[in-house]
Amino acid sequence: MYKNILLAADGSKNSIRAAKEAVKIASLTDQSSIEIVFVADYAKSKSDILHSQSKEELEIARRKKILPIEEELQSHKLDYKVTILHGEPGPSIIEYANKNGFELVVIGSRGLNALQEMVLGSVSHKVVKRVNCPVLIVK
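Criteria and cut-off values
Residues numbered from 1 in each chain as written. Predicted model: local features only at pLDDT ≥ 70, side-chain atom pairs only at ≥ 80, totals over all residues. Heavy atoms only, no water. Salt bridge = Lys/Arg side-chain N within 4 Å of Asp/Glu carboxyl O. Helix = DSSP H or I, 4+ residues; strand = E, 2+ residues; numbered from the N terminus. Buried < 20%, exposed > 50% of the residue type's maximum accessible area, 1.4 Å probe, protein only. Core = buried A, V, L, I, M, F, W, Y, C linked by side-chain atoms within 4.5 Å. Contact = heavy atoms within 4.5 Å. Pairing = 2+ DSSP bridges. Axes fitted to C-alpha atoms, helices over the stretch in contact; angles between N-to-C directions. Phe/Tyr/Trp six-rings, centres within 6.5 Å; stacked < 30°, edge-to-face > 60°. Left-handed = near helix turned anticlockwise from the far one by under 90°. Nonpolar A, V, L, I, M, F, W, Y, C, P; charged D, E, K, R; others polar. Parallel < 35°, antiparallel > 145°, perpendicular 65-115°, else oblique.

**Q** An account of the pattern of salt bridges is requested, with residue identities and associated values reported.
**A** Going through the model one piece at a time under the given rule, you end up with four salt bridges. In this structure, the salt-bridge partner of E21 is K24, at a minimum N-O distance of 3.0 Å. With E21 and K24 both in helix 1 (residues 13-26), this residue pair falls three residues apart, about one helical turn. Accessibility expressed as a relative area gives 26% for E21, which makes it partly exposed.

**Q** Just give me the short version of the nonpolar core, but keep the residues and values in it.
**A** Nonpolar side chains in soluble globular proteins tend to end up buried together. One finds I5, L7, I34, I36, I66, I69 and V106 to be the most contacted residues of the largest nonpolar core, which totals 22 residues. Elements that contribute at least two residues to this core include exactly strand 1 (4-8), helix 1, strand 2 (33-41), helix 4 (67-75), strand 3 (79-87) and strand 4 (104-108). With six residues, the top contributor of residues to this core is helix 1. Beyond its immediate sequence surroundings of up to four residues, I66 is in contact with A9, G11, I36, F38 and V82. Residues L6, A8, F102 and V131 belong to the second largest nonpolar core, which totals 15 residues.

**Q** I'd love a proper account of the sheet that holds strand 4, names of residues and values included.
**A** Taken in spatial order, the five strands line up as 3-2-1-4-5 in an open sheet, and their pairing is parallel. Each end of this open sheet is capped by a strand with a single partner; those strands are strand 3 and strand 5 (135-138). When the angles between neighbouring strand axes are averaged without regard to direction, this sheet yields 20°. Two elements, strand 4 and strand 5, share four bridges in a ladder whose sense is parallel. Following the sheet pairing, V105 is matched in strand 5 by V135.

**Q** So what's going on with the packing of aromatic side chains? Which residues, and what values?
**A** Applying the stated criterion across every chain yields a total of one aromatic pair. Ring centres of Y96 and F102 lie 6.0 Å apart, and the angle between their planes is 35°; on these two criteria the pair is classed as tilted. Classification of F102 by relative accessible area gives buried; the value is 5%.

**Q** Please give an account of the packing of helix 5 (residues 89-99) against helix 7 (residues 123-130) that cites residues and values.
**A** Between helix 5 and helix 7, the shortest axis-to-axis distance is 9 Å and the interhelical angle comes to 30°. As helix 5 packs across helix 7, the resulting crossing turns out to be right-handed. On helix 7, the residues touching P89, G90, I93, I94 and N98 of helix 5 are V123, K126, V127 and R130. Looking at the contact of helix 5 with helix 7 residue by residue, the class counts come to five nonpolar, two polar and two charged.

**Q** For the packing of helix 1 against helix 4, give the residues involved together with the corresponding values.
**A** In the contact formed by helix 1 and helix 4, the axes pass within 10 Å of each other and the chain directions differ by 15°. When the axes of helix 1 and helix 4 are compared, the pair comes out roughly parallel. Where helix 1 crosses over helix 4, the handedness of that crossing is right-handed. Listed contacts from helix 4 to S15, I16, A19, K20 and V23 of helix 1 are P68, I69, E72 and L73.

Listed below in structure tokens is the structure:
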């Protein structure tokens, strides 16, 4: 089974559902660990920085977004760690996953319609196309 799982999370309902699926997979073996990867998007982080009092406050605000996911993993007594990356979500997740040899990437889908996905592209679609391991997209 998968021992080294990357869970891409942004704190949305879809990423919480993805976390629940990652828990199911990781619970199948005692040796699994999950790395929660949160990407501080450059486009949004400028605004976050302007509205925060300090670097510590900004870090706490980002951690709060994924707190429900951490609680889910803790409640199942799973080994996990949190990594915060900076950049554009899709490419950042792809680069990190490929560099660190994950066996599985679990990511939520925002459920864009065909037109939105064609114009905007989705993070999950980019990850599926470019990551070097299996990807589970959770709707």
